[in-house]
Structure formats: structure tokens, C-alpha cells
Amino acid sequence: MASTIRLELVTPERLLLSEEVDEVVLPGYEGEFGVLPGHTQLLAILNVGILWYRKGSAINKIALGGGFAEVTHDRIVVMADTGERADEIDLERAQRARDRAEARLKELSLDDETYAKAYAQLQRALVRMAAGGGE
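First, a word on what this report is: a plain description of the structure on this page.

The rules behind the values
- Once a new chain begins, its residue numbering starts again from 1 and follows that chain's sequence as written.
- In view of the model being predicted, local features appear only for residues whose pLDDT reaches at least 70, and side-chain atom pairs are presented and counted only at 80 or more, with totals across whole chains, interfaces and linings using the full set of residues.
- Computation of side-chain values covers all heavy atoms of the structure but excludes hydrogens and water.
- Helix and strand assignments follow DSSP, with helices taken as H or I runs no shorter than four residues and strands as E runs no shorter than two, numbered in order from the N terminus.
- Burial here depends on accessible area, computed with a 1.4 Å probe over protein chains only, as a share of the maximum for the residue type. Under 20% is buried, over 50% is exposed, and the range in between is partly exposed.
- The contact definition used throughout considers only heavy atoms, calling two residues in contact when any of these lie within 4.5 Å.
- Any Lys or Arg side-chain nitrogen found within 4 Å of a carboxyl oxygen on Asp or Glu counts as a salt bridge.
- DSSP calls a pair of strands paired once it identifies at least 2 bridges connecting them.
- The term nonpolar core refers to a set of buried residues drawn from Ala, Val, Leu, Ile, Met, Phe, Trp, Tyr and Cys, joined through side-chain atoms within 4.5 Å.
- The angle between two axes is taken between their N-to-C directions and runs from 0 to 180 degrees, where each axis is a line fitted to C-alpha atoms and a helix contributes only its stretch in contact.
- Roughly parallel here means an angle under 35 degrees, roughly antiparallel means over 145, roughly perpendicular means 65 to 115, and every remaining angle is called oblique.
- In this scheme, a crossing is called left-handed if the near helix is turned counterclockwise away from the far one by less than a right angle; it is called right-handed if the turn is clockwise.
- Under this grouping Gly is polar, as are all residues other than the nonpolar Ala, Val, Leu, Ile, Met, Phe, Trp, Tyr, Cys and Pro and the charged Asp, Glu, Lys and Arg.
- Nonpolar side chains (Val, Leu, Ile, Met, Phe, Trp, Tyr) are joined into patches within 5 Å and like charges within 9 Å, using only residues with over 30% relative accessible area and no salt bridge.
- Reported accessibility uses the Shrake-Rupley method at a 1.4 Å probe radius. Residues are deemed covered only where the shown protein chains occlude them.

## Things to note about the environment of Leu17
Secondary-structure assignment places Leu17 in strand E2 (residues 15-21). Classification of Leu17 as buried rests on a relative accessible area of 2%. As a C-alpha pair, Leu17 and Leu7 span 10 residues in sequence and 7.1 Å in three-dimensional space. When neighbours within four sequence positions are excluded, Leu17 is seen to be in contact with Leu7, Glu8, Leu9, Tyr53, Ile62 and Arg85.

Quick look at the structure:
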């Protein structure tokens, strides 16, 4: 069995990552799940959240905007709606997006048709902040 697994992450705009890694944790639709080399095959829906991967002792984070993952015994292909490496995230911009979404949610009721959109914006901002090392 191989000691690493190939992680490939693509968004509609670019190939974000293609590396051999030791471990990956993905934000699955029903919760986080980990993948190691030799993992059983699966296809998973991904939620908005943080994908993190380990190479040796280094942990790297990527903010994901949802998508899909295909896992085989030697490769993980993540097709993400959006993705940003931690070092690419503008924390001040993410904080402003959080503040705007929180203010908007205070104005809306749960049955308002725009509530879900504002809530999704808040979740994306919070994930970006967490991945980028913010609050």
C-alpha cells in the first residue's frame, strides 16, 4: 500500500492543487470525513467548509464552497464550486462579508425567501475566516 495519496482540487476557474499528501479531511454533506492512502472508493457531496490536508507534519487548509469528491485507493479528486488556500484569503474582506451577512439576517425572518441566501453568505464568510486564521 502506498504511503501517500494524490490530492487534486479543481474549481471552475483553476487547478488549485495537485500534490501527494499523507492525509485529507473533507467537509462532507453529513459531516467531516478523513481519507488516508488505500481508502475505499466513494463519491461524496461536499458542504461549505474547510478541507485540510497533511504532508509530513505540515497542515494546510483550503476554504471550500461545496462540491463533490471522488475517492479511490490512490487519489482524491475534489471538484469544488469555489476554493481558496489559507494564504490567499483576505481576512478583512471576509470579516466585512460576515458583518454584511449578519446585518442582513437580522432584518429577515426565517420565512423570507432571501434568508437562505444571506445565511449561505454568512457560512462562506465564516469558513474563509477560519481557514485564513481569523476568528
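## Comments concerning the pattern of salt bridges
This model, assessed by the stated rule, comprises 9 salt bridges. Across the pair Glu8 and Arg75 runs a salt bridge whose closest N-O atoms are separated by 3.6 Å. With Glu8 in strand E1 (residues 5-10) and Arg75 in strand E7 (residues 75-80), this residue pair connects regions lying 67 residues apart in the sequence. Arg75 sits in the partly exposed class, given a relative accessible area of 35%. Between Arg104 and Glu107 there is a salt bridge, with the nearest N and O atoms lying 3.1 Å from each other. Note that Arg104 and Glu107 are positioned in helix H1 (residues 91-107) at a spacing of 3 residues, about one turn of the helix. Taking the relative accessible area as the measure of exposure, Arg104 reaches 35% and is therefore partly exposed. Glu107 gets classed as exposed once you look at its relative accessible area, which sits at 60%.

## Let's talk about the pairing of E2
Remember that side chains alternate between the two faces of the sheet whenever the strand is regular. Summarising the sheet, E1 and E2 pair through 6 bridges and their orientation is antiparallel. Among the inter-strand pairings, Arg6 is bridged to a residue of E2, identified as Glu20.

## Digging into the nonpolar core
A general trend in soluble globular proteins is that nonpolar side chains are found buried together. Leu7, Leu9, Leu51 and Val78 are the most contacted members of the largest nonpolar core, which has 19 residues in total. Of all elements in the fold, only E1, E2, strand E3 (23-28), strand E5 (42-55), strand E6 (58-71) and E7 reach the threshold of two or more residues within this core. At 4 residues, the largest contribution of residues to this core is made by E6. Excluding anything up to four places from it in sequence, Leu51 contacts Leu7, Leu9, Val24, Val25, Leu26, Pro27, Asn60, Lys61, Ile62, Leu64 and Val78.

## Some details on the packing of H1 against helix H2 (residues 115-131)
Describing two packed helices takes the angle between their axes plus the distance from one axis to the other. Contact geometry of H1 with H2 gives a least axis separation of 8 Å together with a crossing angle of 150 degrees. If you check the angle between H1 and H2, you find them roughly antiparallel. H1 and H2 meet at a crossing whose hand is left-handed. Here Leu91, Arg93, Ala94, Gln95, Ala97, Arg98, Ala101, Glu102, Arg104 and Leu105 of H1 lie close against H2, whose contacting residues are Tyr115, Ala118, Tyr119, Gln121, Leu122, Ala125, Leu126, Arg128 and Met129. By residue class, the composition of the contact of H1 with H2 is 12 nonpolar, 2 polar and 5 charged.

## Digging into a nonpolar patch on the surface
Where nonpolar side chains cluster on the molecular surface, the patch consists of Tyr29, Leu43, Ile45, Phe68 and Met79 and spans about 560 Å² of accessible area. For Ile45, the position within the fold is in strand E5. Judged by its relative accessible area of 46%, Ile45 falls in the partly exposed class.

Shape descriptors only; they carry no functional weight alone.
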